[in-house]
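One letter stands for each residue in the lines below.
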Amino acid sequence: MKIKACIFDLDGVIVDTAKFHFKAWKQLADELQIPFNEHDNEQLKGVSRTTSLEIILQKGTKKYSDDEKLLMAKKKNECYLEYCATIDAGDILPGIKLFLDELKEKKILVGLGSASKNALLILNKLNLTSYFDAIVDGNKITEAKPNPQVFLKAAEELNVLPHEAVVIEDAEAGVEAAVKGGFFSIGIGDPKILAKANVVFSSTAYLNLVVLNRL
Ligand code: BG6
Ligand code: MG
């Protein structure tokens, strides 16, 4: 496979912010007395903030108005950003920086395909923004993963076709989006959860060009 571009998910692939999303949602769920654990959280990975809130509220019995939901999502985001306050380049997941350097050296384009509206803020904190030839985040899309829109838009901005690009994802919904879009997908995490991916690695530490060229 001749790869022209690599499109990265952000949360859980470049940095372990997935744990902060979980902690912030958990705090809200506890306040609402809705049972919510790490297993439930898998459903929230890769999906938008509003959809995540809906998934949590469905686990409870009470109905809330749109204004109440807006406030809840705002509160969750404030809590999430507090957790993210201390993030810096030291929090980049294993192997990611080296892999990005390799991609740049070989002139393989680098894209971001994230549902997060905080993506740019996080990339800036990690000092990684300049690596990206295209950044498509939650502010630029109307359809959340598993819809492939975010990756198709990134491919379009990079001027490559889906079959010329690899998507790297840690979420079930994200892998599904990549598959639907016609991308080669690399899952990071549990092969049972990411069963639809073309290949799954247990850690980002295994990402490198030698491995990629063998796929
Ligand atoms: C995704 C995360 O990257 O972004 C989800 O996997 C999160 O857990 C979503 O809900 C939206 O993020 P944000 O930062 O816009 O609330
Ligand atoms: Mg993710």
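Residues numbered from 1 in each chain as written. Chains lettered and ligands numbered in written order. Predicted model: local features only at pLDDT ≥ 70, side-chain atom pairs only at ≥ 80, totals over all residues. Heavy atoms only, no water.

1. As for the coordination of the magnesium ion (ligand 2)
Around a metal, the perfect tetrahedron of four donors has angles of 109.5 degrees, and the perfect octahedron of six donors has angles of 90 or 180 degrees. All of the protein donors around the magnesium ion (ligand 2) are Asp9 (OD), Asp11 (O) and Asp170 (OD); their distances to the metal are 2.0 to 2.1 Å. Taken in sequence order, the residues that donate to the magnesium ion (ligand 2) follow the motif D-x1-D-x158-D. Assessed through its relative accessible area of 5%, Asp9 is described here as buried. Its relative accessible area of 13% is what places Asp11 among the buried residues. (Donors = N, O, S within 2.8 Å, 3.2 Å for Na, K, Ca; no water. Buried < 20%, exposed > 50% of the residue type's maximum accessible area, 1.4 Å probe, protein only.)

2. Comments concerning the site of ligand 1
Taken together, 14 residues form the shell around ligand 1, and within it Asp11, Arg49, Ser116, Lys117 and Asn118 come nearest. Contacts to ligand 1 include Gly46, whose backbone N or O atom sits 2.8 Å from an oxygen atom. Between ligand 1 and Ser116 there is a distance of 2.6 Å, counted from an oxygen atom to a side-chain nitrogen or oxygen. Here ligand 1 loses 97% of its free accessible area of 390 Å² to cover by the protein chains. When atom positions are compared with the pocket grids, ligand 1 is found to occupy the largest pocket. Of the residues in the shell around ligand 1, the class split is three nonpolar, six polar and five charged. Domain assignment of the residues forming the shell around ligand 1 places at least three in each of domain 1 (5-15 + 88-214) and domain 2 (18-84). (Near = heavy atom within 4 Å. Polar contact = N/O pair within 3.5 Å; in protein donor to acceptor, adjacent residues only side chain to side chain. Areas by Shrake-Rupley, 256 points an atom, 1.4 Å probe, with all protein chains shown as cover. 1 Å grid on protein atoms, 1.4 Å probe; cavity = no way out; pocket = protein on both sides within 12 Å on 5 of 7 lines; lining within 4 Å. Sits in = over half its atoms within 2 Å of the grid points. Nonpolar A, V, L, I, M, F, W, Y, C, P; charged D, E, K, R; others polar. Domains from an automatic or database assignment.)

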